[in-house]
Structures are given as C-alpha cells and as structure tokens.
Amino acid sequence: MDLEVVPALTIPERELGWRFSRSSGPGGQHVNTSDSRVELFWNVAESTTLSDDQRMRLLARLAKRLVDGVITVTASERRSQVRNRELALAKLAGLVAAGLAPDAAPRRPTKPTRGSGRRHLAAKQQRSATKRQRQRPSAE
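Note that this is a predicted model, so its numbers are computed, not measured.

How each quantity is defined
Residues numbered from 1 in each chain as written. Predicted model: local features only at pLDDT ≥ 70, side-chain atom pairs only at ≥ 80, totals over all residues. Heavy atoms only, no water. Pairing = 2+ DSSP bridges. Helix = DSSP H or I, 4+ residues; strand = E, 2+ residues; numbered from the N terminus. Core = buried A, V, L, I, M, F, W, Y, C linked by side-chain atoms within 4.5 Å. Buried < 20%, exposed > 50% of the residue type's maximum accessible area, 1.4 Å probe, protein only. Contact = heavy atoms within 4.5 Å. Patch = residues over 30% accessible without salt bridge, like charges linked within 9 Å, V, L, I, M, F, W, Y side chains within 5 Å. Areas by Shrake-Rupley, 256 points an atom, 1.4 Å probe, with all protein chains shown as cover. Salt bridge = Lys/Arg side-chain N within 4 Å of Asp/Glu carboxyl O. Lys, Arg positive; Asp, Glu negative; His and termini not counted. Charge placed at Lys NZ, Arg CZ, Asp CG, Glu CD.

A.B. asks: Tell me about the pairing of strand 1 (residues 3-6), and name the residues and values.
C.D. replies: Bridge count between strand 1 and strand 2 (residues 9-11): three bridges; the pairing is antiparallel. By the bridge assignment, Leu 3 is partnered in strand 2 with Ile 11. What sits between the antiparallel neighbours strand 1 and strand 2 is a turn of two residues.

As structure tokens, then:
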C-alpha cells in the first residue's frame, strides 16, 4: 500500500515502517488487550523517492519533527488498528505535502486609501466623543 502524497510523489510501502502498541485512547477494556496504537515512520534522509531538492526542503522545514532524519507519526484516536493506520498515513501525507509546498508569495506593502484614512479618523472622533459624554460633569 503505497502512500500518495501529491500526484508527483508517492512513497513506496517498503520505505514506511510500522510499530504497534497498546493505546490509552477509546475502547474500554479492549485497549488493555489489543495493540491499536500505531506509529508510522519514514526515513526522509535516506528515501530514494525524493529528489535532492525535495529532500533538502523537507529536512529544513520538518527539522523540529525529525530524529536522525526520520519522521514519526502516531495515531491512537480510533479503537481499531486499521482506522489508526489510515489516520497515520493521512497525517504523514499532510505533513510531507505541507513541507513540499512552495513558499507563499511575499507581501507587497500598500498604503491605506484616502477614504479609509478618513473613515478611521471619523471613527476615532466618534469614540472620543462617546467617552467624553461618559465622564462626570465638572464641578463648575
């Protein structure tokens, strides 16, 4: 079961590793007897499916989540191991897709329009007048 991250990138199943353990999530007494918690890990640094540019981008952007070049995702939200596997695959695909997404266009600074400046000043004057009316009258 290969993981399709984006149409241009599919992670083969042989590069994905699974680990299962007992979950503390929903399931009542069921969680005491079954390994429904799922850990999915993928070695970004040694992956053969990534180009050098993709690898460098992922290593830089996901640096906080990587341990020795390996990204690990856990899922224990569901009672079933199969559902948790699906969740873990979706989480990994989302992380990798976000890491490979192009940078956002830089913001072009703009000046406020003359009309918005007038409206801003008018609103400030209105607030000032309201607060002046709320004050106690002077002793005179």
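A.B. asks: An account of the pairing of strand 6 (residues 70-75) is needed here, citing residue identities and associated values.
C.D. replies: Here strand 4 (residues 37-43) pairs with strand 6 via six bridges, running antiparallel. Bridging from a neighbouring strand, Phe 41 pairs with Thr 72 of strand 6. Connecting strand 5 (residues 66-67) to the next strand, strand 6, in antiparallel fashion are two residues, including Asp 68 with a positive phi near 55°.

A.B. asks: Can you tell me about the nonpolar core, naming the residues and giving the values?
C.D. replies: Nonpolar side chains in soluble globular proteins tend to be buried together. Formed by 22 residues in total, the largest nonpolar core has its most connected members in Leu 3, Leu 16, Trp 42, Leu 58, Leu 92 and Val 96. Within the residue set of this core, elements represented by two or more residues are strand 1, strand 2, strand 4, strand 6 and helix 2 (81-100). The biggest single contributor to this core is helix 2, with six residues. Excluding anything up to four places from it in sequence, Leu 3 contacts Leu 9, Thr 10, Ile 11, Leu 16, Leu 89, Leu 92 and Ala 93.

A.B. asks: Got a sec to walk through a positive patch on the surface? Specific residues and values, please.
C.D. replies: Taken together, the side chains of Lys 124, Arg 127, Lys 131 and Arg 134 present a region of like positive charge at the surface. Relative to the elements of secondary structure, Arg 127 occurs in helix 3 (residues 114-134). You can call Arg 127 partly exposed: its relative accessible area is 46%.

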